Every structure is written in structure tokens, then in C-alpha cells.
Amino acid sequence: MYAIAIHGGAGAMPRDRLSPEAQQRLRAGLQSALDAGYAVLERGGSSLDAVTAAVRVLEDDPQFNAGRGAVLTRGGTVELDASIMDGRSLRAGAVASVRHVRNPVELARLVMEHSRHVLLVGSGAEEFALEHGMSLVANEYFRTEERARELAIVRAGSRVSELIPVPGGTVGAVALDRDGNLAAATSTGGMTNKRHGRVGDSPIIGAGTYARNGVCAVSATGHGEAFIRAVAAYHVCLSVEQRGLTLEQAVREVLHERIGALGARGGIIAIDARGNAVLEFTAEGMFRGCRDSRGRNEVALFRDP
């Protein structure tokens, strides 16, 4: 059994704000990422390689708030966060506030595999990237006209959803490979008009990302500060492992009770050791997809009518 699930953000965007053409493009983007990750699993590759491949596709797609197309800070620049975790060894790597790394998920993996650290930030993370042969890009590479318009709207005093900047949000992937290994990865540009140096839950192991073999792998999206305070991703795994909750029960408890009690919303994707996937959210929609060796292959944007 092998499986992968992905997300492209959860939030309060009304269904009627996305044209049929825009929805079709989003579905195509999600399917491309899902297929990239699934192809790794299908040929016997690792769950780590699968989540890396899927998130990399989403980072390169300007429809989503990660990599190219990420939201802009108060100063009009892009600052990116990402993390990855190996459920077999509990190794993890993360980067935050990087401005010149095309695919932050790849740098997070380098941190995990080639350093004694878990989290590197800013110029230190980018220095590490150069030392390991990664090419840096100009910050302008990430900037799109749509994100610039979005920042202008906020500066003018109007509110833009912190959960789903138009059109897509934070991205993530969780996977189970043929050998039973679990992995999770998450990547984001954060919040529109955020302060320079703000870091959310995506690069925080246990908050936005967590994986443990024999239990589950988790990637979260939503109000990052609330997910940090709730230690959301770890709490899902802990509830499955020590309290005997099903994965669905654990995810729903975190989202509806712990995150909800903090006045926040969001979404979680998770896969357990048997390949059961849960894609749950408390907002109007979550851009998501799941594919497994039992034949499941689906992408969705909103709740079923």
C-alpha cells in the first residue's frame, strides 16, 4: 500500500469568487503535483522523495502561496518558509525567511540531511544553500502582479483573507511508501502584508509539519499562530499513538476544538500507517488532492454541495 495527499491552502474564499476557468487551472495544478509525488511512490521511491516532488511542483506554480507567486510582505518582498520530516528516523529540516531560494522544500531537506541542525533562517539558510551547490534567484522571481495588487488592497485598508490569498495558499504533502515509511512537507510565503521576519507554523516541526512511522504524517495550513500555539501537527500524531483515536478523530479534534477554541480556522492533511488519508478543514474550502494504490485519485477545492 502506498498513498499521497496534498494541499494548496485552506480558507474563506467564496466559491463564486473563482471562475470556472480559474477552478480548472487550480485543479490542474493540484493534479500535476499529486501525479509527480505519486509517480515516485509508484516506481518504488521513498515517501521523502514523493513529498519533495509534490511540494516542488506547487512551489513552481504561481497559483499557490509558496515559491513563485508567494504573498508579499509589508515591504513588498517575498520571504519563504518550509519544512520536511522523515517519519522513519524523526529527522527534520526547515528554513524560514529565505528570500532567494527557488524551492525552499529542497533547502529544508538539505538542512535535514547535511547538517546537525533542524531550522536555519534568513541569510544563514541561504549561505548554507550556496555551500551545498544551490543557485539563488533574485527576489523578483517570486513576485507576481496578482500578489502586488493584493498587497495594494491591504495597504488601502481592505482585508484580504489570511488563509487563502487569491487564489491559492500554503502548500503541503504527506505520503506513505511501499516500505511503510511516512513523510511530510510544508511550504509557504506566509501572510500578505506580514512584518519582516514573521514566521508561521509551516517551518515549525510539530506545529505545521510532523511524521512518525507507524502512526501518521501531517501537514497543516491556516492561521499559523494558532497552529503553533496548539502544537497542531504533533497533537494529531500523539492522539493517534497514545489515545487510540482514529486519524479522522484526531484531525477533527485539533481543527474543531483546539484551533477553533483559539478563534482560528484552517485545514490538515494526514496519512496513517495503513494508507488512510484524511483531508479536513474548517474553512469554506481547502485546495486538496489524494491518490493511492487502491485506485483513489481525486482533487477538490470546496466542500461537496
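Definitions and limits used
- Residues numbered from 1 in each chain as written.
- Predicted model: local features only at pLDDT ≥ 70, side-chain atom pairs only at ≥ 80, totals over all residues.
- Heavy atoms only, no water.
- Helix = DSSP H or I, 4+ residues; strand = E, 2+ residues; numbered from the N terminus.
- Rg over C-alpha atoms; globule rule 2.2 N^0.38 Å.
- Buried < 20%, exposed > 50% of the residue type's maximum accessible area, 1.4 Å probe, protein only.
- Contact = heavy atoms within 4.5 Å.
- Salt bridge = Lys/Arg side-chain N within 4 Å of Asp/Glu carboxyl O.
- Arc of directions from axis to C-beta.
- pLDDT = per-residue confidence, 0-100.
- Core = buried A, V, L, I, M, F, W, Y, C linked by side-chain atoms within 4.5 Å.
- Polar contact = N/O pair within 3.5 Å; in protein donor to acceptor, adjacent residues only side chain to side chain.
- Pairing = 2+ DSSP bridges.
- Axes fitted to C-alpha atoms, helices over the stretch in contact; angles between N-to-C directions.
- Phe/Tyr/Trp six-rings, centres within 6.5 Å; stacked < 30°, edge-to-face > 60°.
- Lys NZ or Arg CZ within 6 Å of the ring centre and 35° of its normal.

Caption draft 1: Expanded view of the overall build of the protein. For the protein, the helix and strand inventory stands at 8 helices and 12 strands. Against the compact-globule benchmark of 19 Å for 305 residues, the protein has a radius of gyration of 17 Å, which places it among compact chains. Projecting the C-alpha coordinates of the protein onto the three principal axes gives extents of approximately 50 × 50 × 35 Å. Per-residue burial for the protein yields a buried fraction of 60% across its 305 residues. Long-range pairs, those at least 24 residues apart, make up 69% of the contacts in the protein with a sequence separation of at least 6.

Caption draft 2: Representation of the pattern of salt bridges. Counting across every chain of the model gives 13 salt bridges. Of the charged contacts in the structure, one is a salt bridge between E106 and R56, with a shortest N-O distance of 2.9 Å. One end of the pair, E106, is in helix α3 (residues 104-114); the other, R56, is in helix α2 (residues 47-60), and 50 residues separate them in sequence. A relative accessible area of 27% means that E106 is categorised as partly exposed. Of the residues examined, R56 reaches a relative accessible area of 29% and is grouped as partly exposed. A salt bridge links R91 to D86; the shortest N-O distance between them is 3.5 Å.

Caption draft 3: Structural context of helix α4 (residues 122-131). Turning to α4, its buried residues number three or more, namely G122, A125, E126, F128 and A129. Within α4, the buried residues cover an arc of 155° as seen down the axis, which keeps them to one side. What points out from α4, more than 90 degrees from its buried face, is the exposed set S123, E127, L130 and E131. Residues of α4 that are buried sit in contact with β3 (92-98), α3 and β4 (119-121). Residue G133 follows α4 closely and has a positive phi angle near 85°.

Caption draft 4: Spatial organisation of the confidence of the model for the protein. Mean pLDDT for the protein: 94, with 95% of residues reaching 70 or above. Counting interchain partners and residues more than four positions distant, the pLDDT-below-50 stretch residues 162-167 has 33 contacts.

Caption draft 5: Quick peek at the nonpolar core. Counting residues in hydrophobic clusters, the biggest one holds 42 residues, and the most contacted among them are V218, V236, L247, V251, I259, I268 and I271. The element that contributes the greatest number of residues to this core is helix α8 (residues 247-261), accounting for 6 residues. When sequence neighbours within four positions are dropped, the list of residues in contact with I268 reads V218, S219, A220, F227, V236, V251, V254, L255, V278, L279, E280 and M286.

Caption draft 6: Representation of the side chain of N139 in the model. Residue position: N139 is located in the loop between α4 and α5 (145-155). Only 2.9 Å separates the side chain of N139 from the backbone oxygen of V78, close enough to count as a polar contact. When residues no more than four places from it in sequence are discounted, the contact partners of N139 are T77, V78, R99 and H100.

Caption draft 7: Structural context of the sheet that holds strand β10 (residues 277-281). Pairing is antiparallel in the open sheet, where 4 strands are placed in the order β7-β8-β9-β10. Bordering the open sheet on either side are β7 (209-212) and β10, each of which pairs with just one other strand. Between one strand and the next, the sheet's axes are offset by a mean angle of 10°, whatever the strand orientation. Bridge analysis of strand β8 (residues 216-222) against strand β9 (residues 266-272) gives 7 bridges, and the strand direction is antiparallel. Bridge assignment links G222 to a residue of β9, and that residue is G266. Lying on the sheet, α8 is in contact with β8, β9 and β10; it crosses β9 at an angle near 160°.

Caption draft 8: The arrangement of the packing of aromatic side chains in detail. Counting across every chain of the model gives 4 aromatic pairs. Pairing Y141 with F142 gives two aromatic rings, centres 5.1 Å apart and planes at 80°, and the pair type is edge-to-face. Judged by relative accessible area, Y141 falls into the partly exposed class, the value being 23%. Judged by centre distance (5.1 Å) and plane angle (80°), the rings of Y210 and Y234 are edge-to-face. A residue pair is termed long-range when its members are at least 10 positions apart, and Y210 in strand β7 and Y234 in helix α7 (residues 232-243) qualify at 24 residues. Take Y234: its relative accessible area is 35%, and that puts it in the partly exposed class. A cation over an aromatic ring shows up here: R303 above the ring of F281, its NZ or CZ 4.1 Å from the ring centre.

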